[in-house]
Protein chains: 2
Amino acid sequence: MARTGRRPGDPDTRGRILEAARARFAAAGYRGATIRAIAADAGVDPALVHHYFGTKRELFTTVLDFPVDPSTLVPRVTDGPVGQLPERLLRTFLGVWDEPPARDRAVILLRSAVTDPDTARMMREFVLTTLLGPVLAAVETDHADLRAGLVASQLVGLAVARFVLRIEPIASASHDRLVAAYAPTLRRYLTGDVPGT
Amino acid sequence: MARTGRRPGDPDTRGRILEAARARFAAAGYRGATIRAIAADAGVDPALVHHYFGTKRELFTTVLDFPVDPSTLVPRVTDGPVGQLPERLLRTFLGVWDEPPARDRAVILLRSAVTDPDTARMMREFVLTTLLGPVLAAVETDHADLRAGLVASQLVGLAVARFVLRIEPIASASHDRLVAAYAPTLRRYLTGDVPGT
């Protein structure tokens, strides 16, 4: 991916950085990829990467064409009483998916994650670390990795059932009905008994 | 898809029937497609379809390259005390997915269902009617459609988390641990309180 010797002012510098970022994120994962390495691959100064794309998280969401800025999502879930956290998590999740332009991009991203191992790896690490990590931290419990995985498995399954497979009545149920159906599941996954081994 | 005027003895008759079946299942769904219509599309007698592929269910599993014969799965779940049905459902599901050749085909089928709306439609109807229908009937409860959808959403999410996204520790957890984690969820979806509307 490295293409050195080109100048930052080059009109496709932005595209070259994106290409380098996609390759790095794919090869090294979200945590392993550094802005420094991406900049080196693109033949530009790290400051230019920040100039074009902001933080590493913002660069990542641009690379994946993430439908929303995840930094706005986490507080919507973690702010408030822990007892109602499962409901807030579901409403935030459904809110992202149910706005048409975001939904289209989310479905594309989901399809890509299911068919492309590189995207799967990036998504997995990003969702678990950046999105569910702070949620689990807010709950302050044991077996955080298992709990995050259980929550992720039900949210992914809900998204696939509602938006991809369109299983009725899940596909057309109101948010209230889905929250009532799924909140007890997420509550147990987050704070209930889960098997230690 | 109809290609009439060719004789049953034609060496690619089998392939022609499969092609007609795939098109019919895609257009009309599992229930809507009839052996008679598939045979007409392929330009053969319905008896020849049965001769090559058995029942409609068997033809469908061949078309989708379904990893196991589903008729063997349902009794493994429904035979036995209803109280342990969620555990049997999970063990049967994990048993299908965890044998390497079947798993590869199941992952391909899942990827196909997530990316191709025709496959999604066929799979949805088949899984809900043929696989989960008898399970819900064994439970004898209200809101069967919602319950089937909730169960499907968690099983699909488990499969995506374990086999496609490979989220740890879900990806490498023992069947016992997964059964302990997910059986209470399926038990509530099958027999607990679910929101009527």
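Coordinates for the structure precede this section.
Reading the values: rules and limits
Residues numbered from 1 in each chain as written. Chains lettered and ligands numbered in written order. Predicted model: local features only at pLDDT ≥ 70, side-chain atom pairs only at ≥ 80, totals over all residues. Heavy atoms only, no water. Axes fitted to C-alpha atoms, helices over the stretch in contact; angles between N-to-C directions. Helix = DSSP H or I, 4+ residues; strand = E, 2+ residues; numbered from the N terminus. Parallel < 35°, antiparallel > 145°, perpendicular 65-115°, else oblique. Left-handed = near helix turned anticlockwise from the far one by under 90°. Contact = heavy atoms within 4.5 Å. Nonpolar A, V, L, I, M, F, W, Y, C, P; charged D, E, K, R; others polar. Salt bridge = Lys/Arg side-chain N within 4 Å of Asp/Glu carboxyl O. Buried < 20%, exposed > 50% of the residue type's maximum accessible area, 1.4 Å probe, protein only. Least-squares fit on C-alpha atoms with pLDDT ≥ 70 in both. Phe/Tyr/Trp six-rings, centres within 6.5 Å; stacked < 30°, edge-to-face > 60°.

(A) Molecular detail of the packing of helix α1 (residues 13–32) of chain B against helix α2 (residues 35–42) of chain B. Residue and element names in this part refer to chain B. Running from N to C, α1 and α2 cross one another at 125°; their axes reach a closest spacing of 8 Å. In terms of orientation, α1 lies oblique with respect to α2. Helix-helix and strand crossings are classified by hand; for α1 and α2 the assignment is right-handed. Contacts between α1 and α2 involve Arg16, Ile17, Ala20, Ala21, Arg24 and Phe25 from the former and Ala37, Ile38, Asp41 and Ala42 from the latter. Looking at the contact of α1 with α2, its residues break down into seven nonpolar, no polar and three charged.

(B) Fine view of the pattern of salt bridges. Residues and elements named next belong to chain A. In total, this model carries twelve salt bridges over all chains according to the counting rule given. Residues Arg24 and Asp41 are paired through a salt bridge, measuring 2.7 Å at the closest nitrogen-oxygen approach. Pair noted here: Arg24 is in helix α1 (residues 13–32) and Asp41 is in helix α2 (residues 35–42), with a separation of 17 residues, a long-range link. Its relative accessible area of 31% is what places Arg24 among the partly exposed residues.

(C) View of the relation of the copies chain A and chain B. Placing chain A over chain B gives an RMSD of 0.0 Å and needs a rotation angle of 180°, together with 0.0 Å of translation along the axis. Here the transformation between the copies is reduced to the relation of a two-fold axis. Rotation axis and chain A: the residue whose C-alpha lies nearest the axis is Gly157(A), separated from it by 1.8 Å. Comparing interface residues between copies, 100% of those in chain A also lie at the interface in chain B; the contact surface is shared.

(D) Structural view of the packing of aromatic side chains. Counted under the stated rule, the structure contains twelve aromatic pairs over all chains. Ring centres of Phe60(B) and Phe126(B) lie 4.5 Å apart, and the angle between their planes is 35°; on these two criteria the pair is classed as tilted. Here the residue Phe60(B) occupies a position in helix α4 (residues 56–63), and Phe126(B) occupies one in helix α8 (residues 117–139), the gap between them amounting to 66 residues. Taken as a pair, Phe60(B) and Phe126(B) share a single burial class, namely buried. Where Phe93(B) meets Trp97(B), the ring centres are 5.9 Å apart and the plane angle is 45°; that geometry is what we call tilted. Placement of the pair is Phe93(B) and Trp97(B) together in helix α6 (residues 85–97), with a separation of four residues, close to one helical turn. A relative accessible area of 10% means that Trp97(B) is categorised as buried. By way of ring pairs, the aromatic residues Phe25(A), Phe60(A) and Phe126(A) are connected into one cluster.

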